[in-house]
Amino acid sequence: MKRQIISLFICLMGLSASAGILTDIFYTVENIADNQWRYDYTVSNHVLADGIGQFTIWFDYTQYESIQIASDTALDTDWDQIVWQPNETLLNNGGFDALALITPIDVDETISGFSVSFIWNGPDEPGRQFYEIVNPDNPSEVLDSGFTVLIPEPFSIGLMIVGMCFLKKWSQ
């Protein structure tokens, strides 16, 4: 029984290792064609009492270009979204920024539908990005920051469950 509890604890720790303390921005990535890709984002507020009123996701100037907003149009009434392009000459990263127009993302609330398309110039496929949650009244005040977290594909989740069952059986 003790081994089972330890195995379960290790699995759960592995699941939560990528989770942020205050906020999370999860992503999926899809190859549209050739080097054209799309990120879909889900933003979660775990404990920021004032909510998430503005966030910025950064795009490395050496790997991204032609960033375009591709978000669900249902977000347009609640969020002002902008992008700026990476500039390799000036060594400036690009960005995707979203500002709540009415209500921020409250504690224990999650909002999906934020998306961008872009041209990928990096190796392999695009991965995690640095993000910042900022105070909308003072954008230089960073309330939280971290790296976006990949949402596992359904196959990965199934594989993880099989692995947990194997651990349980093995530990008996």
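Below, the structure is looked at part by part. Here the structure is a predicted model, which means the values were calculated and not measured.

What counts and how
Residues numbered from 1 in each chain as written. Predicted model: local features only at pLDDT ≥ 70, side-chain atom pairs only at ≥ 80, totals over all residues. Heavy atoms only, no water. Helix = DSSP H or I, 4+ residues; strand = E, 2+ residues; numbered from the N terminus. Buried < 20%, exposed > 50% of the residue type's maximum accessible area, 1.4 Å probe, protein only. Contact = heavy atoms within 4.5 Å. Areas by Shrake-Rupley, 256 points an atom, 1.4 Å probe, with all protein chains shown as cover. Pairing = 2+ DSSP bridges. Axes fitted to C-alpha atoms, helices over the stretch in contact; angles between N-to-C directions. Core = buried A, V, L, I, M, F, W, Y, C linked by side-chain atoms within 4.5 Å. Salt bridge = Lys/Arg side-chain N within 4 Å of Asp/Glu carboxyl O. Polar contact = N/O pair within 3.5 Å; in protein donor to acceptor, adjacent residues only side chain to side chain.

## Notes on the overall build of the chain
- Looking only at helices and strands, the chain has two helices and 10 strands in total.
- Along its sequence from the N terminus, the chain presents helices and strands in the succession α-β-β-β-β-β-β-β-β-β-β-α.
- By the burial criterion, 33% of the 172 residues in the chain qualify as buried.
- Contacts in the chain between residues at least 24 apart in sequence constitute 67% of all its contacts with a sequence separation of at least 6.
- Of the roughly 10400 Å² of accessible surface on the chain, 58% is carried by carbon and sulfur atoms.

## Some details on the sheet that holds strand S9 (residues 138–147)
- Strand order in the open sheet made by the five strands is S5-S6-S3-S8-S9, with antiparallel pairing throughout. On the outer flanks of this sheet lie strand S5 (79–84) and S9, each paired with one strand and no other. For this sheet, the mean inter-axis angle between neighbouring strands, taken without regard to orientation, is 20 degrees.
- Relative to S9, strand S8 (residues 130–135) is paired through six bridges, and the arrangement is antiparallel. Following the sheet pairing, Tyr 131 is matched in S9 by Gly 146.

## A short note on the sheet that holds strand S1 (residues 23–33)
- One open sheet accounts for five strands, arranged S4-S7-S2-S1-S10; its pairing is mixed. The open sheet terminates on both sides in strands that have one partner only, identified here as strand S4 (64–69) and strand S10 (149–150).
- Looking at chain direction, S1 and strand S2 (residues 36–45) are connected through 10 bridges and run antiparallel. Bridge assignment links Thr 28 to a residue of S2, and that residue is Asp 40.

## Focus on unusual backbone geometry
- Positive phi values are uncommon outside glycine, yet Leu 91 reaches one of about 60 degrees.
- On the secondary structure map, Leu 91 appears in the loop between S5 and strand S6 (94–100).
- By relative accessible area, which is 53% here, Leu 91 ends up exposed.

## A look at the nonpolar core
- Core analysis: the largest hydrophobic core is formed by 26 residues, its most contacted members being Tyr 41, Phe 55, Phe 59, Trp 79, Phe 114 and Phe 118.
- Broken down by secondary-structure element, the contributors of at least two residues to this core are S1, S2, strand S3 (54–59), S4, S6, strand S7 (109–120) and S8.
- The leading source of residues in this core is S7, at five residues.

## Focus: the side chain of Gln 81
- Position of Gln 81 among the secondary structure elements: in strand S5.
- Apart from residues lying up to four places away in sequence, Gln 81 is in contact with Ile 69, Ser 71, Leu 75, Asp 76, Phe 96, Asp 97, Ala 98 and Phe 114.

## Overview of the pattern of salt bridges
- Following the criterion strictly, the structure yields one salt bridge and no others.
- The closest approach of N and O atoms between Asp 40 and Arg 38, which form a salt bridge, is 2.8 Å.
- Judged by its relative accessible area of 25%, Arg 38 is partly exposed.

## Digging into the environment of Glu 109
- Structurally, Glu 109 can be placed in strand S7.
- When its relative accessible area of 31% is taken as the criterion, Glu 109 is described as partly exposed.
- Spatially, the C-alpha atom of Glu 109 lies 8.4 Å from that of Val 43, the residues being 66 residues apart in sequence.
- Once residues within four sequence positions are removed from consideration, Glu 109 is found in contact with Val 43, Ser 44, Asn 45 and Pro 104.
- Among the polar contacts made by the side chain of Glu 109, one reaches the main-chain amide nitrogen of Asp 106 at a distance of 2.8 Å.

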